[in-house]
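As a plain string of letters, each chain reads:
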Amino acid sequence: MIGTNICFDLGTGYLSVFVQGKGIIANEPSVVAYDVENEKISALGKKAYEMMGKTHDWIDIICPVKEGSIADFQIVQNIIGYFVQKVCSNKILKPNVLISIPCDMNSVDKRSVLEMATASGASKACLIEE
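Procedures and definitions
- In this numbering scheme, every chain counts its residues from 1 along its sequence in written order.
- Two thresholds apply to this predicted model, a pLDDT of at least 70 for residue-level local features and 80 or more for giving and counting side-chain atom pairs, whereas whole-chain, interface and lining totals are computed over all residues.
- Values shown for side chains rest on all heavy atoms present in the structure; no hydrogens or waters enter the calculation.
- Think of it this way: any DSSP run of H or I at least four residues long counts as a helix, any run of E at least two long counts as a strand, and we number them from the N terminus.
- In this treatment the radius of gyration is a C-alpha quantity, and the globule benchmark scales as 2.2 Å times the residue count to the 0.38 power.
- Accessible area is worked out with a 1.4 Å probe on protein chains only. A residue is then buried under 20% of its type maximum, exposed over 50%, and partly exposed in between.
- Accessible surface area values rest on a Shrake-Rupley calculation with a 1.4 Å probe, where residue burial reflects the displayed protein chains alone.
- By the counting scheme adopted, Arg and Lys are positive, Glu and Asp are negative, and His together with the chain ends is not counted.
- Here the site of a charge means NZ on Lys, CZ on Arg, CG on Asp, or CD on Glu.
- Residue contacts are counted whenever heavy atoms from the two residues lie within 4.5 Å of one another.

Draft legend 1. Local environment of the overall build of the protein chain. Across its full length, the protein chain carries three helices and ten strands. Its C-alpha atoms give the protein chain a radius of gyration of 14 Å, near enough to 14 Å, the size a compact globule of 130 residues would have. In terms of its C-alpha atoms, the protein chain occupies a principal-axis envelope of roughly 45 × 35 × 25 Å. Out of the 130 residues in the protein chain, the part that is buried amounts to 38%. Total accessible area on the protein chain is roughly 7700 Å²; 51% of this is exposed by carbon and sulfur atoms. With 12 positive and 15 negative side-chain charges, the protein chain shows a separation of 11 Å between the mean positions of the two kinds.

Here it is, written out as structure tokens:
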């Protein structure tokens, strides 16, 4: 495939991101500090985990994946967009994205995950069942 290949494992406990040719670039807690006023992620992973119980009122600590399924699609889209931008900020071609999903996810949620990945900046998105 032409372009960069990025793989996401959106786990309940940890989020892993793999980039072909670079290896694992992130393996951090699946926690996000979300700034409600500015509607953007202010911290991700370890930094967000350390902020638990110590944040201002306008910052929510969110676990976007709960019990093996995606609980907050908008936050997951922001996470994928963050890593796509981080990996491919200076590249012309959009990346190909592979996302692992639970095997019991229904077809509506699968379609939502595919749409979310393309909205995050992926040229192609594929799902693989865990």
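Draft legend 2. Geometry of the environment of Met-105. Along the polypeptide, Met-105 turns up in the loop between strand E9 (96-101) and helix H3 (107-119). Of the residues examined, Met-105 reaches a relative accessible area of 10% and is grouped as buried. Along the sequence, Met-105 and Ile-92 sit 13 residues apart, while their C-alpha atoms lie 33 Å from each other. With near-sequence residues (within four places) excluded, Met-105 lies in contact with Ile-70, Lys-110 and Val-113.

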